[in-house]
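# Observations on the three-dimensional arrangement
Below are the chains, spelled out letter by letter.
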Amino acid sequence: MYRQGRPSGRGEELGLCHKRRREGHAHGTPPPWATPFRRFSSSTMNRSDFAPLGFGVGLRRPHYVHILEQHPPMDWFEVISENFMVEGGRPLEVLEGVRAHYPVVMHGVSLSIGSSDPLNRAYLDTLRAAARRFEPAWVSDHLCWTGVGGHNLHDLLPLPYTEEAVRHVAGRIRQVQDILERTILIENVSSYMAFRSSRLEEWEFLTAVAEEADCAILLDINNIFVSAFNHRFDPLRYVDAVPVERVVQFHLAGHSDHGSYLLDTHDHPIRAEVWALYEHAVRRFGRVPTLIEWDDNIPDFEVLAAAAAEARRRCDLALDSKRLHAAE
Ligand SMILES: [Fe+2]
């Protein structure tokens, strides 16, 4: 339940208070929501290691002042990692200010885990330093490639769904987890093309990569819906095939309907069909931390907060209905 002027319900369920958060950050004690450090590949992913953050929104520039000055009720914020992988200045001040009052999660767009280029060690070292400084609850990026041959295509591109690609990507995720010393989350992307060489369904590929890399999954419900429409598969098949124990976070967003295809634009309210798919996912995966993404035509903060509240309401209803059915 949202409460005005201070961190909202989930933080209190985690046993947090404003003072303790500030102390933890100032003195280097990990905050209670931070994922424990994972020492190389010998330890394994455990869903219970990830804090039940609740319902959050993406931290976006038009809302910086409002959040820093008003501390509006919100369970947590997801930040774009690259916006804060800088030496100093305003971005770091903003994140310091937000982080003093709310749990944050770092979500990257430049890892390019699927590329055949070598991993960018400088990027990873900077990401590790930022994660050590801001102590996010977790770090995530996308199951995609964003460039090759040193060229950045500035898009999240799908991979060929093959066993060879599974081994390639999983090996690289393991390297990233070793460098960052933590389990990362990989997110399914929306797509508009497919490779003729693919031999696996997308959900089989996602599952195989996560299992072989021993990483967690950020399941973007809107991306599943968009790709299901574009590639003509049943989105329920996708949701029902992903392993429950690996899903640590959901994304929800709006998309654009172009008639013959859907485009993942993050500039609309969440559509009814995506809400319905989310409720189905909640019945399968439970009360998974859920994040509202809105990246273009960004509305007032209250609109985002209302979407997060709606996610909470629908999550509660979905779980209530599941309990009722189980009791019958
Ligand atoms: Fe997403």
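It should be noted that the structure appears before, not after, this text.
Residues numbered from 1 in each chain as written. Predicted model: local features only at pLDDT ≥ 70, side-chain atom pairs only at ≥ 80, totals over all residues.

### Overview of the overall build of the chain
- From N to C terminus, the chain includes 11 helices and 12 strands.
- Every one of the 328 residues in the chain was classed for burial, and the buried ones make up 43%.
- Within the chain, residue pairs in contact and separated by at least 24 positions form 77% of the contacts whose partners lie at least 6 positions apart. (Helix = DSSP H or I, 4+ residues; strand = E, 2+ residues; numbered from the N terminus. Buried ≥ 20, exposed ≤ 12 C-beta atoms within 10 Å, placed from the backbone. Contact = placed C-beta atoms within 7 Å.)

### A few points about the sheet that holds strand E8 (residues 216–220)
- Ordered in space as E1-E2-E3-E4-E7-E8-E9-E12, the 8 strands form a closed barrel in which the pairing is parallel. The mean inter-strand angle of the sheet, taken between neighbouring strand axes irrespective of direction, is 30 degrees.
- Bridging between strand E9 (residues 247–252) and strand E12 (residues 290–292) involves 3 bridges; their strand directions are parallel. Bridge assignment links Phe 250 to a residue of E12, and that residue is Thr 290. (Pairing = 2+ DSSP bridges. Axes fitted to C-alpha atoms, helices over the stretch in contact; angles between N-to-C directions.)

### Some details on the packing of helix H8 (residues 221–231) against helix H10 (residues 272–285)
- One can describe the packing of H8 onto H10 by two numbers: an axis separation of 9 Å at closest approach and a directional angle of 120 degrees. Regarding the angle of H8 to H10, the classification is oblique. As H8 packs across H10, the resulting crossing turns out to be right-handed. Listed contacts from H10 to Ile 221, Asn 222, Ile 224 and Phe 225 of H8 are Glu 273, Val 274, Leu 277, Tyr 278 and Ala 281. (Parallel < 35°, antiparallel > 145°, perpendicular 65-115°, else oblique. Left-handed = near helix turned anticlockwise from the far one by under 90°.)

### Examining the pairing of strand E2 (residues 77–80)
- Bridge count for strand E1 (residues 55–58) against E2 is 2 bridges, and the pairing is parallel. Pairing of Val 57 across the sheet is with Phe 77, part of E2.
- At this point the chain moves from E1, through helix H3 (residues 64–70), to the parallel E2, and the crossover so formed is right-handed.
- Examined bridge by bridge, E2 and strand E3 (residues 104–107) share 4 bridges and lie parallel to one another. By the bridge assignment, Val 79 is partnered in E3 with Met 106.
- One crossover worth recording links E2 to the parallel E3 by way of helix H4 (residues 90–99), and it is right-handed. (Right-handed = clockwise from strand over helix to strand, strands pointing away.)

### Here's the deal with helix H6 (residues 163–180)
- Its 18 residues place the ends of H6 26 Å apart at the C-alpha level, agreeing with the 26 Å of an ideal helix rising 1.5 Å per residue.
- Among the residues of H6, Ala 165, Val 166, Val 169, Ala 170, Arg 172, Ile 173, Val 176 and Gln 177 are the ones counted as buried. The buried residues of H6 occupy one face: seen down the axis, they fall within an arc of 165 degrees. Seen from the buried face of H6, the exposed residues on the opposite side, beyond 90 degrees, are Glu 163, Glu 164 and Gly 171.
- Buried residues belonging to H6 abut helix H5 (121–134), strand E7 (184–187) and helix H7 (202–213).
- Following H6 by one or two positions, Glu 181 has its phi on the positive side, about 55 degrees. (Expected span 1.5 Å × (residues − 1). Arc of directions from axis to C-beta.)

### A few points about unusual backbone geometry
- Within the chain, Ser 112 stands out as a residue other than glycine whose phi angle is a positive 50 degrees.
- Summarising the element assignment, Ser 112 is placed in the loop between E3 and H5.
- By the C-beta count within 10 Å, which is 24 here, Ser 112 ends up buried.
- Of note, Asn 297 is a non-glycine position whose phi angle comes to about 45 degrees, a positive value.
- Relative to the elements of secondary structure, Asn 297 occurs in the loop between E12 and helix H11 (301–327).

### Overview of the environment of Pro 30
- By the element assignment, Pro 30 lies in the loop between helix H2 (18–27) and E1.
- Judged by the 12 C-beta atoms lying within 10 Å of it, Pro 30 falls in the exposed class.
- A C-alpha to C-alpha distance of 9.5 Å links Pro 30 and Pro 136, two positions 106 residues apart in sequence.

### With respect to the nonpolar core
- Core analysis: the largest hydrophobic core is formed by 89 residues, its most contacted members being Ile 186, Val 209, Ile 217 and Ile 221.
- Considering every element that reaches this core, the biggest residue donor is H11, with 7 residues.
- Each residue touching Ile 186, except ones within four places of it in the same chain, is listed here: Asp 141, His 142, Leu 143, Ile 173, Val 209, Ala 210, Cys 215, Ile 217 and Leu 218. (Core = buried A, V, L, I, M, F, W, Y, C linked by C-beta atoms within 7 Å.)

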